[in-house]
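# An overview of the molecular structure
What follows is each chain in one-letter form.
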Amino acid sequence: VSIKGRRLSLGKLDSENISAYATIPEMRPGEYEAAINVQLPINDVSIIDKKPYTLKITVENLKKISVPVEIKYTGNPKNPETSVQASVSPQEISLSGPESVINSVAGAVVSLDVSDVTDGENTVRKYKLLSKDGNDITDNVNISADTDSVSVMPSVYATKEIPIEPRYSGTIPEGYTISAAEALPAQIRLGSKDAAVENIQKIYTAPIDISNLTQSGKVYTKLVIPDGLVNIFSVTDAEVDITVEPSSSKTVSVETVPFENGA
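Notes on the structure in this doc start here. Quantities reported herein were computed from a predicted structural model and do not represent experimental measurements.

Rules of the game
Residues numbered from 1 in each chain as written. Predicted model: local features only at pLDDT ≥ 70, side-chain atom pairs only at ≥ 80, totals over all residues. Heavy atoms only, no water. Pairing = 2+ DSSP bridges. Helix = DSSP H or I, 4+ residues; strand = E, 2+ residues; numbered from the N terminus. Axes fitted to C-alpha atoms, helices over the stretch in contact; angles between N-to-C directions. Phe/Tyr/Trp six-rings, centres within 6.5 Å; stacked < 30°, edge-to-face > 60°. Lys NZ or Arg CZ within 6 Å of the ring centre and 35° of its normal.

### Thoughts on the sheet that holds strand β2 (residues 19–22)
Taken together, three strands build an open sheet; the order of strands is β2-β3-β5 and the sheet is antiparallel. Only two strands of the sheet have a single neighbouring strand rather than two, namely β2 and β5 (54–59). Between one strand axis and the next, the sheet turns through 35° on average, direction left out of account.

### Remarks on unusual backbone geometry
The omega torsion across Lys51 and Pro52 is -5°, close enough to zero to call that bond cis. Put simply, Leu184 and Pro185 share a cis peptide bond, and its omega is 5°. Examined against the element boundaries, Pro185 turns out to sit in the loop between β15 (176–184) and β16 (187–192). You will see that Ser234, though not glycine, has its phi angle at about 55°, which is positive. With respect to the helices and strands, Ser234 occurs in the loop between β20 (230–231) and β21 (237–246).

### Quick look at the sheet that holds strand β8 (residues 92–98)
With mixed pairing, the five strands of this open sheet are ordered in space as β11-β9-β6-β8-β12. Each edge of the open sheet is held by one strand with a lone partner, namely β11 (128–131) and β12 (144–145).

### A short note on the packing of aromatic side chains
Counted according to the given criterion, the structure contains zero aromatic pairs. The ring of Tyr204 has Arg167 lying over it, and the distance from NZ or CZ to the ring centre is 4.0 Å. Its end group placed over the ring of Tyr157, Lys193 keeps NZ or CZ at 5.9 Å from the ring centre.

The following block contains the structure:
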């Protein structure tokens, strides 16, 4: 803004007390070119020039969404026999802003270094907003959030790799037998805050109905996780490769039967 007036009056003006505003003719989605008006706090000063004279303004619909907060784990636990799992509060962040900007948001991520945590020690951490193309858009001035931080509560669990064993229901048809069964994954990592996980030797699948099983194949089934144990990697299903073969019988003649005195 170029201004003219008495030297004393000009000395009282700077960027802090000169304001500019643009009036949008109608608040509807679209693009506008509005004239810029300058307001001076002193009457005996006039405006010679201003740049620019107009301002391009884009108006969009306001959109509100909620995005989940994901915990990104870094580092390794101090004790390799343990695993760190954490909960976050709130689990979702409420966002609002221009529709095109909000549509680009993928979610919120908070980092937790598991090499430097204490079981049950709650910490407040800043999160990052990520766009769908992976960029950090946390500082985008067009996005308003209901909070800029979240509470993270870590839990440290003793863990153990436990083999998975198929369990069956029903009776296989006559003339067939199961010669082999292999689960994938073959084992699952579970955890507990006490010694409970050490007492678990096997994890079973949900019962697989074999009453009509006459040929080999793969069966997808759920895993039965005992209460009180933590599923470290959230593995809930297993693929069981079952090998079925025809059963056979054989008659053997025993020619000599010795006698023993049982007295």
